[in-house]
Amino acid sequence: MNKTLTSLSRKIREDERRHPEATGAFSNLLEHIAIAAKIISREVNKAGLVDLTGATGETNVQGEEVKKLDEYANETLIAVLRQSGYLAGLASEEEEDVISVEDPHPNSKYIVLFDPLDGSSNIDANVSVGTIFSILKKSRVSDKAELEDFLRPGYEQVAAGYVVYGSSTMLVYTTGNGVHGFTLDASIGEFLLSHPNIKTPEKGKIFSINMGNLSRFDEGTSSYIKYLTSENRAEGRPYTLRYIGSLVSDFHRNLLYGGIFMYPADSNATNGKLRLLYEASPLAFIVEQAGGKASTGFKDILDVEPTELHQRVPLFIGSRQDVEEAEAFVQGKLNFTEEDLNDSRLIPDDAELQ
Ligand code: AHG
Ligand code: MN
Ligand code: MN
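Remember, it's a predicted structure, so these values are computed and weren't measured experimentally.

Caption draft 1: Summary view of the sheet that holds strand E11 (residues 240-241). Taken in spatial order, the 5 strands of this open sheet run E11-E10-E12-E14-E13, and their pairing is mixed. Sheet topology places E11 and strand E13 (293-295) at the edges, where each strand pairs with a single neighbour. As judged from the 3 bridges shared by E13 and strand E14 (residues 315-318), these two strands associate in the antiparallel manner. For lysine 293, the partnering residue across the bridge sits in E14 and is glycine 318.

Caption draft 2: Expanded view of the coordination of the manganese ion (ligand 3). Coordination of the manganese ion (ligand 3) by the protein comes from Glu93 (OE), Asp115 (OD) and Leu117 (O), over a distance range of 2.2 to 2.4 Å. Along the chain, the residues donating to the manganese ion (ligand 3) are arranged with the sequence spacing E-x21-D-x1-L. In this structure, the manganese ion (ligand 3) lies 3.7 Å from the manganese ion (ligand 2), and both are coordinated by aspartate 115. Highlighted residues: glutamate 93 in the loop between strand E3 (87-92) and strand E4 (110-118) and leucine 117 in strand E4, separated in sequence by 24 residues. The pair glutamate 93 / leucine 117 is uniform in exposure class, with both members buried.

Caption draft 3: Molecular detail of the coordination of the manganese ion (ligand 2). Coordination of the manganese ion (ligand 2) by the protein is provided by Asp115 (OD), Asp118 (OD) and Glu279 (OE), with metal-donor distances spanning 1.9 to 2.1 Å. Counting the intervening residues between successive donors of the manganese ion (ligand 2) yields the motif D-x2-D-x160-E.

Caption draft 4: Just the packing of aromatic side chains, in detail. Applying the stated rule across the entire model yields 8 aromatic pairs. Arranged with centres 5.4 Å apart and planes meeting at 45 degrees, the rings of tyrosine 224 and phenylalanine 329 form a pair that is tilted. Of the two residues, tyrosine 224 sits in helix H5 (residues 219-228) while phenylalanine 329 sits in helix H8 (residues 320-330), which places them 105 residues apart along the sequence. An identical accessibility class is assigned to tyrosine 224 and phenylalanine 329; each is buried.

Caption draft 5: Looking closely at the pairing of E3. Taking burial as the measure, the 6 residues of E3 include 6 buried ones, the bulk of the element. Relative to E4, E3 runs parallel, the two being bridged by 5 bridges. Looking across to E4, one finds that alanine 91 is bridged to leucine 113.

Caption draft 6: Main features of the site of ligand 1. Taken together, 18 residues are adjacent to ligand 1, and Asp118, Gly119, Asn210, Tyr243 and Tyr263 come closest. Leucine 117 is positioned with one of its backbone polar atoms (N or O) 3.3 Å from an oxygen atom of ligand 1. In this structure, an oxygen atom belonging to ligand 1 sits 2.5 Å away from a side-chain N or O atom of tyrosine 243. Elements supplying a minimum of two residues to the shell around ligand 1: E4 and strand E12 (260-263). Taken together, the residues of the shell around ligand 1 break down into 6 nonpolar, 5 polar and 7 charged. Residue contributions to the shell around ligand 1 reach at least three from each of two domains, namely domain 1 (8-195) and domain 2 (206-345).

Caption draft 7: Layout of the domain arrangement of the protein chain. For the protein chain, the assigned domains are domain 1 (8-195) and domain 2 (206-345). Computed from C-alpha atoms alone, the centre-to-centre distance between domain 1 and domain 2 is 26 Å. Listed by partner, the interface residues are 48 residues for domain 1 and 32 residues for domain 2. Buried surface at the junction of domain 1 and domain 2, both sides included, amounts to about 2,900 Å², of which 62% is carbon and sulfur. Looking only at domain 1, the three residues that lose the most surface to domain 2 are Ile132, Leu151 and Tyr162, adding up to 20% of its buried area. The interface formed by domain 1 and domain 2 contains 2 salt bridges. Put simply, arginine 275 and glutamate 93 hold a salt bridge, and the shortest N to O gap is 3.3 Å. Residue assignment for the side of domain 1 that touches domain 2 shows that the elements contributing at least two residues are E3, E4, strand E5 (129-137), helix H4 (147-150), strand E6 (159-165) and strand E7 (169-174).

Caption draft 8: The packing of H5 against H8, seen in detail. Between H5 and H8, whose axes approach to 7 Å, the crossing angle comes to 130 degrees. By the angle between their directions, the pair H5 and H8 is classed as oblique. Classified by chirality, the crossing of H8 by H5 is right-handed. Contacts between H5 and H8 involve Gly220, Thr221, Ser223, Tyr224 and Tyr227 from the first element and Asp322, Glu325, Ala326, Phe329 and Val330 from the second. By residue class, the composition of the contact of H5 with H8 is 5 nonpolar, 3 polar and 2 charged.

Caption draft 9: Structural view of the environment of leucine 87. Within the element layout of this structure, leucine 87 appears in strand E3. Along the sequence, leucine 87 and histidine 105 sit 18 residues apart, while their C-alpha atoms lie 7.4 Å from each other. Setting aside its immediate chain neighbours within four residues, leucine 87 contacts Leu29, Leu81, Val101, Pro104, Ser108, Tyr110 and Val112.

Caption draft 10: Quick look at helix H1 (residues 8-17). Every buried residue of H1 is accounted for by Leu8, Lys11, Ile12 and Asp15. End-on, the buried residues of H1 take up no more than an arc of 100 degrees, which puts them together on one face. Looking at the buried side of H1, the elements it contacts are helix H2 (25-45), E7, strand E8 (179-185) and strand E9 (190-195).

Caption draft 11: Representation of the sheet that holds E3. Strand order in the open sheet made by the 7 strands is E3-E4-E5-E6-E7-E8-E9, with mixed pairing throughout. With one partner strand each, in any of the chains shown, E3 and E9 form the two edges of the open sheet. Direction aside, the axes of adjacent strands within the sheet are offset by 20 degrees on average. Taken together, the 7 bridges between E5 and E6 define a ladder with antiparallel strand orientation. Each residue of the ladder has a partner; that of phenylalanine 133, found in E6, is glycine 161. Against the sheet, H2 touches E3, E4, E5, E6, E7, E8 and E9, its axis set at about 165 degrees to E5. Helix-sheet contacts for helix H3 (residues 68-83) involve E3, E4 and E5, and the interaxial angle to E4 is about 160 degrees.

Conventions adopted
Residues numbered from 1 in each chain as written. Chains lettered and ligands numbered in written order. Predicted model: local features only at pLDDT ≥ 70, side-chain atom pairs only at ≥ 80, totals over all residues. Heavy atoms only, no water. Pairing = 2+ DSSP bridges. Helix = DSSP H or I, 4+ residues; strand = E, 2+ residues; numbered from the N terminus. Donors = N, O, S within 2.8 Å, 3.2 Å for Na, K, Ca; no water. Buried < 20%, exposed > 50% of the residue type's maximum accessible area, 1.4 Å probe, protein only. Phe/Tyr/Trp six-rings, centres within 6.5 Å; stacked < 30°, edge-to-face > 60°. Near = heavy atom within 4 Å. Polar contact = N/O pair within 3.5 Å; in protein donor to acceptor, adjacent residues only side chain to side chain. Nonpolar A, V, L, I, M, F, W, Y, C, P; charged D, E, K, R; others polar. Domains from an automatic or database assignment. Contact = heavy atoms within 4.5 Å. Buried area = accessible area lost by both parts, 1.4 Å probe. Salt bridge = Lys/Arg side-chain N within 4 Å of Asp/Glu carboxyl O. Axes fitted to C-alpha atoms, helices over the stretch in contact; angles between N-to-C directions. Parallel < 35°, antiparallel > 145°, perpendicular 65-115°, else oblique. Left-handed = near helix turned anticlockwise from the far one by under 90°. Arc of directions from axis to C-beta.

Following this line, the structure appears as structure tokens:
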């Protein structure tokens with residue numbers, strides 16, 4: 001038996017005790033997110049058996065095809081969070097407008113923004129998907145949450161987290177006091193602390209990007225990729241490419257192993273693809289708490305002032321040194337030229353090959 005068995009509920013309550021002013025509303029909210037995660041996890045696990053794979057036939061506000069599990073996860077989160085009782089407002093990647101909460105409790109000061117199912121194009125092939133959430137605190141208690149309450153920069157988040165429905169289901173979150181990972185023990189229905197105080201390596205060996213978009217990338221990003229994939233890097237061997245196409249899964253792997261995930265701006269999409277409030281901002285809070293960094297290429301993701309609910313943003317996220325290097329390339333301060341590429345310094349000569 002594990003000597004230090006810590007359930008998510010216990011951890012949440014322990015953290016609450018460190019805040020004498022806490023009303024319990026925040027703990028309650030996190031516990032409800034965990035309930036929704038367990039329900040979604042259960043359905044993801046049996047999706048192939050119960051007609052939950054495939055599309056609904058609808059497109060969402062982003063113009064993307066809605067999968068049945070997108071819809072299920074979205075409805076589950078909305079229903080469970082509404083029942084939590086202390087919520088001032090909700091916003092979902094799948095909903096055009098903010099979701100109101102009827103009869104909010106007078107102490108309702110929290111707002112949750114979420115991507116109910118991330119990586120949903122992977123569902124039908126049984127590849128890992130996830131849920132991402134961000135929690136904000138409304139400055140004015142008891143008034144109805146207005147759009148402006150949701151359009152807050154990432155540094156104002158009070159908590160952020162994700163759930164990855166992988167070979168096991170994990171919930172990883174931060175409240176600004178380190179990053180903690182819990183693995184779902186389905187047999188007892190509890191998330192148990194398996195990854196306390198996660199720290200990401202200062203520098204990694206993995207890069208994650210959709211290389212199919214290579215011809216559309218700006219010069220800086222292309223140059224950075226040439227640098228990462230060249231034999232001529234000062235540190236020797238090229239980086240390893242790993243790209244699942246599920247942000248949560250790609251991010252989670254890189255958080256543990258080190259490396260960089262990129263979804264840059266390209267000639268087709270000037271702000272990239274990923275959404276600031278449901279994807280970039282919560283993961284930026286987590287990565288910074290783990291010692292890493294998240295950037296648009298020009299500024300910290302957490303400093304971006306949102307102007308729209310579904311705003312997209314270029315994203316470079318992961319190990320601190322890797323993201324700093326990427327920024328230097330994107331900003332044109334570093335460059336990797338064809339000459340560097342053809343430089344035979346590190347390529348062994350014929351004699352060495354024999
Ligand atoms: P979502 O399924 O929530 O719409 O997000 C999909 C995102 C993200 O998970 C992933 O990193 C990215 O789309 C992959 O995009 P490409 O297929 O363009 O590489
Ligand atoms: Mn997503
Ligand atoms: Mn999604």
